[in-house]
Amino acid sequence: MAGKELQVLNALDAAKTQWYHFTAIIIAGMGFFTDAYDLFCISLVTKLLGRIYYHVDGSPKPGSLPPNVSAAVNGVALCGTLAGQLFFGWLGDKLGRKKVYGITLMLMCLCSIASGLSFGHTPKSVMATLCFFRFWLGFGIGGDYPLSATIMSEYANKKTRGAFIAAVFAMQGFGILAGGIFAIIISAAFQARFSAPAYEADPIGSTVPQADFVWRIILMVGALPALLTYYWRLKMPETARYTALVAKNVKQAASDMSKVLQVEIEAEQRKEEISQKPNSDFGLFSKQFFRRHGLHLLGTTSTWFLLDIAYYSQNLFQKDIFTAIGWIPAAKTMNAIEELYRIARAQTLIALCSTVPGYWFTVALIDKIGRFGIQILGFLMMTIFMFALAIPYDHWTHPDHRIGFVVMYSLTFFFANFGPNATTFVVPAEIFPARFRSTCHGISAAAGKMGAIVGAFGFLYLAQNQDKAKADAGYPAGIGVKNSLIVLGVVNFVGLLCTFLVPESKGKSLEEMSGENEDLAGEEAEPPASYNRTVPV
């Protein structure tokens, strides 16, 4: 097989792990650090926004965002992310990964800062400008998904490729953790400087005017780590696989990778040697594409869609679940900044104990266990823990059992991240041809964000109390937290079944997985017998 591949691709697959690989992980990973910080920090400040802008005189409870505003603030960045994944995924295959990589980072940084500068004299105008900038923030974040995954997969060697791609994605864990820690620091500092009574003691005085600075600072700080890597992102060379297989410039690919890998790579092949046969030069969504990759694309899109329904509904609404079981006191017993502090502390604890370790367990084991095994295990354990939380839900709400609930809830996050949340990101960057790789990853990721939107918007309504009098202001009666958790358990089980559509890529080259080896060799384009095998044997 080695003789059938371009020498530059062989060199990449066989290269020893070296400093450049870690540099690429940091450069790509800082984008994901900002992605996670920006997408999840909004869940920390939504209750503060409600107190500041939607206070109702004489109400027994603090102000909260109306349902439509809450849905917009929580979900608009996800809508932007979906659009960005499709657009920049397509653009990455058309123009090259490098050319659009800096654009996405700059868009993220500018809109992250602009979100904190949201202006207006009325709550409506502040929320409108916030939503506007968060949509475009999401658009930039969306572009980072397919580009970072594709770049890392095309730089990596086949022995540790899974770990490298997963390590980029694992920076999300540090982003979530950093968001929580920074919110704790800022809220503690403001609480010490501007003390205020609880809402039930003084409804107006419980929200100090300076609280308006707190949420703005939290939103803006996420841009700083990504800005620090902007220069190095622009200096990265185009990936050799794009240059050789899509741009058809083997000499340039060999030159770029010689500098990167610090070894001499000869561009022996003539240009006509890598020209593909007419029947292998099929287009996206052609009959031949669907014959080769249709089930794979269905597998990557469906698993990511189902995973994100569960993952985002859990992550964005942790604070509601913690309040429901009494882990966070009733809002009226706290002032505005104290409530932010307690929400941030709870979410940081979950991130520290389960989210971050889960990501790095995947990094450590993905090239040993394989993508398929980790994804099956993750979906299975998430299903079990969801049902274990939901069926005896009344038991967990008892004060003596609340710590047990939090432990079980944390384990669902651990197995989401040591499971499908990481593998659904890794696999689409490995199994499609180079000329469609970024587009197909973008489509898969967009399906995931569609699931995130379903989870984020749907859970707002589903988790409401079945008694309308006990539901949050402005919301209809829902099915309650217990039944919502049962629904999420079923979603996870369906995700487990859809995993059987996804092939195992452990230890194989990208060209072997995509069938491009046969195209490069000028052989029949029929994939090998092992090509569509899903379960590792």
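The shown structure was predicted, so the numbers you read here are calculated from the model rather than taken from an experiment.

About the thresholds
- Residues numbered from 1 in each chain as written.
- Predicted model: local features only at pLDDT ≥ 70, side-chain atom pairs only at ≥ 80, totals over all residues.
- Heavy atoms only, no water.
- Axes fitted to C-alpha atoms, helices over the stretch in contact; angles between N-to-C directions.
- Helix = DSSP H or I, 4+ residues; strand = E, 2+ residues; numbered from the N terminus.
- Parallel < 35°, antiparallel > 145°, perpendicular 65-115°, else oblique.
- Left-handed = near helix turned anticlockwise from the far one by under 90°.
- Contact = heavy atoms within 4.5 Å.
- Nonpolar A, V, L, I, M, F, W, Y, C, P; charged D, E, K, R; others polar.
- Buried < 20%, exposed > 50% of the residue type's maximum accessible area, 1.4 Å probe, protein only.
- Polar contact = N/O pair within 3.5 Å; in protein donor to acceptor, adjacent residues only side chain to side chain.
- Salt bridge = Lys/Arg side-chain N within 4 Å of Asp/Glu carboxyl O.
- Phe/Tyr/Trp six-rings, centres within 6.5 Å; stacked < 30°, edge-to-face > 60°.
- Lys NZ or Arg CZ within 6 Å of the ring centre and 35° of its normal.
- Expected span 1.5 Å × (residues − 1).
- 1 Å grid on protein atoms, 1.4 Å probe; cavity = no way out; pocket = protein on both sides within 12 Å on 5 of 7 lines; lining within 4 Å.
- Points joined across faces, edges and corners; volume = space filled by probe spheres on them.
- pLDDT = per-residue confidence, 0-100.
- Core = buried A, V, L, I, M, F, W, Y, C linked by side-chain atoms within 4.5 Å.

### Quick notes on the packing of helix α14 (residues 336–369) against helix α17 (residues 402–417)
Thought 1: Between α14 and α17, whose axes approach to 7 Å, the crossing angle comes to 25°. Compared by their axis directions, α14 and α17 come out roughly parallel. Remark: the crossing between α14 and α17 carries right-handed chirality. Along the contact surface, α14 presents Ile350, Ser354, Thr355, Pro357, Gly358, Tyr359, Phe361 and Thr362, while α17 presents Val406, Tyr409, Ser410, Phe413, Phe414 and Asn417.
Thought 2: Residues that form the contact of α14 with α17 fall into these classes: 8 nonpolar, 6 polar and no charged.

### Focus on the side chain of Arg97
Thought 1: With respect to the helices, strands and loops of the structure, Arg97 is situated in helix α4 (residues 97–116).
Thought 2: Judged by relative accessible area, which is 0%, Arg97 ranks as buried.
Thought 3: At 2.7 Å, the side chain of Arg97 forms a polar contact with the side chain of Glu154.

### Quick word on the pattern of salt bridges
Thought 1: Using the criterion set out here, one finds 13 salt bridges in the structure.
Thought 2: Across the pair Glu430 and Arg161 runs a salt bridge, and its minimum N-O distance is 2.6 Å. With Glu430 in the loop between α18 (420–426) and α19 (437–462) and Arg161 in helix α6 (residues 161–193), this residue pair connects regions lying 269 residues apart in the sequence.
Thought 3: On the basis of relative accessible area, Glu430 is assigned to the buried category, the value being 0%.
Thought 4: A salt bridge links Arg371 to Asp367, with the nearest nitrogen and oxygen atoms 3.0 Å apart.
Thought 5: Residues joined by salt bridges that share partners form a network here, namely Asp93, Arg97, Glu154 and Arg437.

### Details of the packing of aromatic side chains
Thought 1: Counting across every chain of the model gives 32 aromatic pairs.
Thought 2: Pairing Tyr311 with Phe413 gives two aromatic rings, centres 5.9 Å apart and planes at 70°, and the pair type is edge-to-face. Pair noted here: Tyr311 is in helix α12 (residues 287–316) and Phe413 is in helix α17, with a separation of 102 residues, a long-range link.
Thought 3: Taking the centre distance of 6.4 Å and the plane angle of 40° together, the rings of Phe415 and Phe418 count as tilted.
Thought 4: Three or more aromatic residues joined by ring pairs make a cluster, and in this case those are Phe32, Tyr145, Phe169, Trp304, Tyr359 and Phe425.
Thought 5: The side chain of Arg233 reaches across the aromatic face of Tyr101, ending 3.7 Å from its centre.

### Here's the deal with α17
Residue pairs spaced three or four apart in an α-helix point in one direction, given the helix's 3.6 residues per turn.
Thought 1: A rise of 1.5 Å per residue sets the reference length of α17, with its 16 residues, at 22 Å; its end C-alpha atoms lie 23 Å apart and thus fit the reference within 8%.
Thought 2: Those residues of α17 not exposed but buried are Phe405, Val406, Met408, Tyr409, Ser410, Thr412, Phe413, Phe414, Phe415, Ala416 and Asn417.

### Observations regarding empty space enclosed by the protein
Thought 1: Applying the stated criterion across every chain yields a total of 5 cavities of 30 Å³ or more.
Thought 2: Approximately 80 Å³ is the volume attributed to the largest cavity.
Thought 3: Those elements that place two or more of their residues in the lining of the largest cavity are α2 (19–53), α6 and α14.
Thought 4: Among the elements that make up the lining of the largest cavity, the one with the highest residue count is α2 (5 residues).
Thought 5: Partitioning the lining of the largest cavity into residue classes produces 6 nonpolar, 5 polar and no charged.

### Brief notes about helix α3 (residues 67–95)
Thought 1: For α3, spanning 29 residues, the distance from its first C-alpha to its last is 41 Å, which sits close to the expected 42 Å at 1.5 Å a residue.
Thought 2: Downstream of α3 by one or two residues, Gly96 has phi in the positive range, about 110°.

### Comments concerning the environment of Ser514
Thought 1: Positionally, Ser514 belongs in helix α21 (residues 510–514).
Thought 2: For Ser514, a relative accessible area of 0% translates into the label buried.
Thought 3: Engagement of the side chain of Ser514 in a polar contact is seen with the backbone oxygen of Glu511, the distance being 3.5 Å.

### Focus: the confidence of the model for the chain
Thought 1: On average, residues of the chain score 84 in pLDDT, and 88% of them are at 70 or above.
Thought 2: The secondary structure element of the chain with the lowest average pLDDT is helix α22 (residues 516–520), at 63, and the one with the highest is α18, at 95.
Thought 3: pLDDT under 50 marks residues 269–279. Its contacts with residues more than four places away, or in other chains, come to 20 contacts.
Thought 4: Every residue in residues 523–537 scores below 50 in pLDDT, and together they form 41 contacts with partners more than four places removed in sequence or on other chains.

### Points about the nonpolar core
Thought 1: Leu49, Met127, Tyr145, Trp215 and Tyr311 are the most contacted members of the largest nonpolar core, which has 143 residues in total.
Thought 2: With 19 residues, α2 is the largest single contributor of residues to this core.
Thought 3: Judged by nonpolar contacts, the second largest core, of 11 residues, contains Ile431, Phe436, Cys440 and Met513.

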